[in-house]
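# Chains, contacts and geometry: an overview
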Amino acid sequence: MLSVDPETEILIPPAIRHERGADALAMIMRSGMLNKKEICMVTDYGTNAEMGLYYDGELYSGSAAAGPAMEGQSIKYGVLAAPGAISDVNMADDGLWENLVLNDKLIPLVAAKVDPVTGKEIRLLDYKAKGITGTGVVSSMAMGLRSGIIKLPDIDTPDKRIHLMDGVWFSEKDAQEAGKAMGAIRAGHRTLVQEVGIDDDDVKVMYMAGASGTYVDPIKAQICGMIPRRLDEVYQLGNTSLMMAHDLLKDDKTLDRMQDVANSISSNHIMFAGNKTFEDMYILELAYWTEGMSMEMYNDMIQMHGIAMLPEIKVPSKVVRVVKSDIPEIGRGFYSLEEVGMKMYGNFKGCTGCKKCEKGCPEKALTVSKDKGISIRSDLCLGTACKACEMNCPEKVFKFVSLEVRI
Ligand code: SF4
Ligand code: SF4
């Protein structure tokens, strides 16, 4: 329930159709794709990759369950973007990998050069790396694939790890988790192309939205299958939903404009969950990213399903970051919440207060109070896919399912 003053005016932005919400409308309006002559694709990169292909006055859309890896989660050293996070890696001329770490203003700086095979490092700045963001995961995958260190599904180093600075490493399991997300996104994009009945070559312009879509290096994203392979132009848009919310509050004509655009779009939503083309492609993507199917075999198999093989990569000639940061303007009167989401609480009989659950939590989501009360921030917790807290409890009293949710 929303707790606000009864006099408060509440603006509810329109959806395009019931399955295409206001977030998709914001992405489309903020991109300007409706005015482009070329065939365009747009994707908001998150746990669900919301995507759309605009062709001949009609929006074909879908939503691929990419999972949390693109946000740095379900990755051993994955963290959200914060000071000390490795957000990018580049290959230097000497073959070492430059590790870019976010400073206090979240600006990425080259903090060390690291041999990804041995972990030997040359320190350039006095920063301590704490983990790796989703964009750092994409970079590590791209550099790993390009250099041949990643030979899917394996990492070809003696300890099967790609070493980054300060003991942060990227494992084979991490590569597979990231690969599942990348495969889902590529299968989604190509399903839209198939449904429209065009060729991969026909998609010329890509709009990337969301924090990951804004900060990731598009050339590395292309190596990893996250954007189409034959693009001319890429635009990185920022968080279009928040920007549109800001526009709504600043200018009361925005709501009418949104409704006009929503009314004018003819929309065709493709449910990937029940779509045979998506299913065929995603099975092959999983085989490629997680089971070692070669690209040659992938292309042979996909043609047996009547789908064109993947074209050669053509690097886009124009890449534009439209905004400086993913939320460029917050404005006066706005404030950002320190914490979002719910909290989960528990008090387990037999708990000794040893805090092993707290210490073993990879996301620092859990705290144990003096009276042995457990509280978990849902915005940080990885949920039942993790359950490290439950597994780490020496008394076997921690029961994730018994936690009580409070808003
Ligand atoms: S499941 Fe437990 S250990 Fe995992 S992130 Fe959530 S609170 Fe932390
Ligand atoms: S690990 Fe188990 S016993 Fe230790 S504090 Fe957590 S719930 Fe209690």
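What comes next is a walk through the structure. Every chain is numbered on its own, with residues counted from 1 as its sequence reads. Lettering of chains starts at A and numbering of ligands starts at 1, both following the order in which they are written. Where local features are concerned, this predicted model is filtered to residues with pLDDT of at least 70; where side-chain atom pairs are given and counted, the filter is 80 or more; whole-chain, interface and lining totals use all residues. Think of the side-chain values as coming from all heavy atoms in the structure, minus any hydrogens and water.

Here strand β2 (residues 48–55) pairs with strand β3 (residues 58–65) via eight bridges, running antiparallel. What sits directly across from Tyr-54, in β3, is Leu-59. Any two strands with at least two DSSP bridges between them are considered paired. By the criteria applied, helices consist of DSSP H or I runs no shorter than four residues and strands consist of E runs no shorter than two, each listed in order from the N terminus. Bridge analysis of β3 against strand β15 (residues 266–269) gives four bridges, and the strand direction is parallel. Bridge pairing in β15 places Leu-59 opposite Ser-267.

Let us now look at the packing of aromatic side chains. Where two aromatic rings form a pair, the distance of their centres and the angle of their planes describe that pair. Only Phe, Tyr and Trp rings are paired, with Trp represented by its six-membered ring, and only when their centres lie within 6.5 Å; those with planes under 30 degrees apart are stacked, over 60 edge-to-face, the remainder tilted. Under the definition given, this model contains seven aromatic pairs. Seen in terms of ring centroids, Tyr-288 and Tyr-298 are 6.1 Å apart; in terms of plane orientation they differ by 65°. Their pairing is edge-to-face. Residue Tyr-288 is located in helix α8 (residues 276–290), and its partner Tyr-298 is located in helix α9 (residues 295–304); the two are separated by 10 residues in the primary sequence. Exposure classes here rest on a 1.4 Å probe applied to the protein chains alone. A residue is buried below 20% of its type maximum, exposed above 50%, and partly exposed in between. Taking relative accessible area as the criterion, Tyr-288 reaches 15% and is therefore assigned buried. When its relative accessible area of 0% is taken as the criterion, Tyr-298 is described as buried. Taken together, the ring pairs in this structure connect Phe-272, Phe-278 and Tyr-282 into an aromatic cluster. Across the ring face of Trp-169, the terminal group of Arg-161 is positioned such that the distance to the ring centre comes to 3.6 Å. Think of it as a cone above the ring: NZ of Lys or CZ of Arg counts as a charge over the ring if it is within 6 Å of the ring centre and within 35 degrees of the ring normal. The ring of Tyr-298 has Arg-186 sitting right over it, with the charged end atom 5.6 Å from the ring centre.

This next bit is on the pairing of strand β4 (residues 85–91). Note on strand geometry: in a regular strand, side chains alternate between the two faces of the sheet. Taking burial as the measure, the seven residues of β4 include five buried ones, the bulk of the element. The pairing of β4 with strand β8 (residues 131–132) spans two bridges and is classified as parallel. Following the sheet pairing, Ala-85 is matched in β8 by Gly-131. The sheet contact formed by β4 and strand β5 (residues 97–102) spans five bridges and is antiparallel. Paired with Val-89 across the two strands is Asn-99, which belongs to β5.

By themselves, these are just geometric observations and shouldn't be taken as functional.
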